[in-house]
Amino acid sequence: MSAYRWKTFHENEDRPEKPRRYGVTEMRGPHYTLFSQNVLQDIFESMGHIVDGLKFAGGSYSLMPKSLVKEVIDVAHQHDVYVSTGDWAENLLRKGPSAFKEYVEECKSLGFDTVELNVGALGVAEETLLRLVRLIKSGGLKVKPLFAVKVNKSDIPVGNRAFGAYVVPRPRSSEFVEDVDLLIRRAERCLEAGADMIMIEADDVCKNADSMRADIIAKVIGRLGVEKTMFEASNPRTSEWFIQQYGPRVNLFVDHSHVMDLECLRGRNLGENHASVLGSSYFLL
């Protein structure tokens, strides 16, 4: 490869060197795939420069010995990869505020960098959610709330009130409805409280490339900004759609086997007649 082509491929002004504020690639860790430490080491040694974060999806670390969790985190940190808890914090709330604080302290002691909060699963009032965001930040960790576009109908404010003002909680219903404006307003409040990034769940938004909710995605990015949002890309075709629409600056959460394809997409000019690189990776796990 000529020096010019090498420079063009490896230097992308839309995706700077780590640590990156945009163009972030977060990789799914143990849950759907059981990593051995050697496999994880191989991934980071070959692709560590293009991976920004590792998430223990589904609370998988809660089933692992603490010593192993710390070893995995240490390996990630050796390659400048941050580590996120995934959505597990909601399981601690039933034990009370003190248990949640202990959980945050334990996450920090193990070496986690980010605590993810699944807002829908938490099912708490807004002022409680914001308090949890501030608690995590005061503990020295980053926080990433996870939002879904469908919310419990009882969460939709009734009547005129200042957003964020206290209201008496309504009984939970069994009906879930789509409310993008509520999602965005809650996300804005979380960012104001100190949240570092907002995660958007794939369900009902970007699960499949042939049913992308471009209207919702555009509204979320338009209000929150591309740097403050991360979208779950369930498959390579979904990643391709995001790069085509928003360029390499978009932040995506992908499976570990899709990291190389995503990086190829980030570094290529995807015109109307481009030949898709998906399925052509030489490094598939």
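Since the model is a prediction, treat every value here as computed from it, not as a measurement. (Residues numbered from 1 in each chain as written. Predicted model: local features only at pLDDT ≥ 70, side-chain atom pairs only at ≥ 80, totals over all residues. Heavy atoms only, no water.)

**Section: the side chain of Lys-144**
The topology assignment puts Lys-144 in strand S5 (residues 142–147). Overall, the relative accessible area of 3% leaves Lys-144 in the buried class. Polar side-chain contacts of Lys-144 include one of 2.6 Å to the side chain of Glu-26. (Helix = DSSP H or I, 4+ residues; strand = E, 2+ residues; numbered from the N terminus. Buried < 20%, exposed > 50% of the residue type's maximum accessible area, 1.4 Å probe, protein only. Polar contact = N/O pair within 3.5 Å; in protein donor to acceptor, adjacent residues only side chain to side chain.)

**Notes on the packing of helix H4 (residues 97–110) against helix H6 (residues 126–138)**
Geometry of a packed helix pair, given as the angle between the helix axes and the separation of the axes. Two elements in contact, H4 and H6, have axes separated by 10 Å at closest approach and are oriented at 35 degrees. Remark: the crossing between H4 and H6 carries right-handed chirality. In this structure, H4 contributes Phe-100, Lys-101 and Val-104 to the contact, and H6 contributes Leu-132, Leu-135 and Ile-136. Counted by class, the contact of H4 with H6 contains 5 nonpolar, no polar and 1 charged residues. (Axes fitted to C-alpha atoms, helices over the stretch in contact; angles between N-to-C directions. Left-handed = near helix turned anticlockwise from the far one by under 90°. Contact = heavy atoms within 4.5 Å. Nonpolar A, V, L, I, M, F, W, Y, C, P; charged D, E, K, R; others polar.)

**Thoughts on the pattern of salt bridges**
Summed over the entire model, instances satisfying the criterion amount to 20 salt bridges. One salt bridge connects Asp-52 with Arg-20, and the closest N-O pair in it is separated by 2.9 Å. Of this pair, Asp-52 sits in the loop between helix H2 (37–47) and strand S2 (53–55) while Arg-20 sits in the loop between helix H1 (3–10) and strand S1 (25–28), and the two are 32 residues apart along the sequence. The buried category is assigned to Asp-52, whose relative accessible area is 5%. Residue classification places Arg-20 among the buried residues on the basis of a relative accessible area of 12%. Glu-106 is the partner of Lys-66 in a salt bridge, and the nearest nitrogen-oxygen pair spans 2.4 Å. Here Lys-66 is found in helix H3 (residues 66–78), whereas its partner Glu-106 is found in helix H4, with 40 residues between them in sequence. For Glu-106, a relative accessible area of 30% gives the class partly exposed. Within the structure, one salt-bridge network assembled from shared partners comprises Glu-26, Lys-55, Glu-116 and Lys-144. (Salt bridge = Lys/Arg side-chain N within 4 Å of Asp/Glu carboxyl O.)

**Observations regarding the sheet that holds S5**
By way of backbone hydrogen bonds, the strands of a sheet pair with one another, either parallel or antiparallel. Reading around the barrel, the 8 strands line up as S1-S2-S3-S4-S5-S8-S9-S10 and close back on themselves, with parallel pairing between neighbours. With strand direction ignored, the average angle separating the axes of adjacent strands in the sheet is 25 degrees. (Pairing = 2+ DSSP bridges.)

**What about unusual backbone geometry?**
Look at the link from Lys-18 to Pro-19: it is a cis peptide, with omega at -5 degrees. You can see Pro-19 is positioned in the loop between H1 and S1. Backbone geometry at Asp-80 places phi at a positive 55 degrees, although glycine is not the residue there. With respect to the helices and strands, Asp-80 occurs in the loop between H3 and strand S3 (82–87). The class for Asp-80 is exposed, based on a relative accessible area of 61%. The backbone of Asp-204 shows a phi angle near 70 degrees, a positive value even though the residue is not glycine. Mapping Asp-204 onto the fold places it in the loop between strand S8 (198–200) and helix H8 (214–224).

**As for the packing of aromatic side chains**
For the structure shown, the criterion picks out 5 aromatic pairs. Relative to Phe-242, the ring of Trp-241 has its centre 5.3 Å away and its plane inclined at 85 degrees; by these criteria the two rings are edge-to-face. Here Trp-241 and Phe-242 have matching classes, each one buried. By the ring-pair criterion, three or more aromatic residues cluster together here, those being Phe-231, Trp-241, Phe-242 and Tyr-246. One residue, Lys-55, lies across the ring of Phe-253, its end atom 4.1 Å from the ring centre. Between the NZ or CZ atom of Arg-249 and the centre of the ring of Tyr-22, over which it lies, the distance is 3.9 Å. (Phe/Tyr/Trp six-rings, centres within 6.5 Å; stacked < 30°, edge-to-face > 60°. Lys NZ or Arg CZ within 6 Å of the ring centre and 35° of its normal.)

**Description of H4**
With 14 residues, H4 should reach 20 Å at 1.5 Å per residue; the first-to-last C-alpha distance of 20 Å fits that figure. Those residues of H4 that fall on the buried side of the exposure criterion are Ala-99, Phe-100, Tyr-103, Val-104, Cys-107 and Leu-110. Seen from one end, H4 has its buried residues packed into an arc of 145 degrees, which puts them on one side. Summarising the geometry of H4, the exposed residues directed more than 90 degrees from the buried face are Pro-97, Glu-102 and Ser-109. On its buried face, H4 is in contact with H3, S3, strand S4 (114–118) and H6. Positive phi appears at Gly-111, one or two residues downstream of H4, with a value of about 110 degrees. (Expected span 1.5 Å × (residues − 1). Arc of directions from axis to C-beta.)

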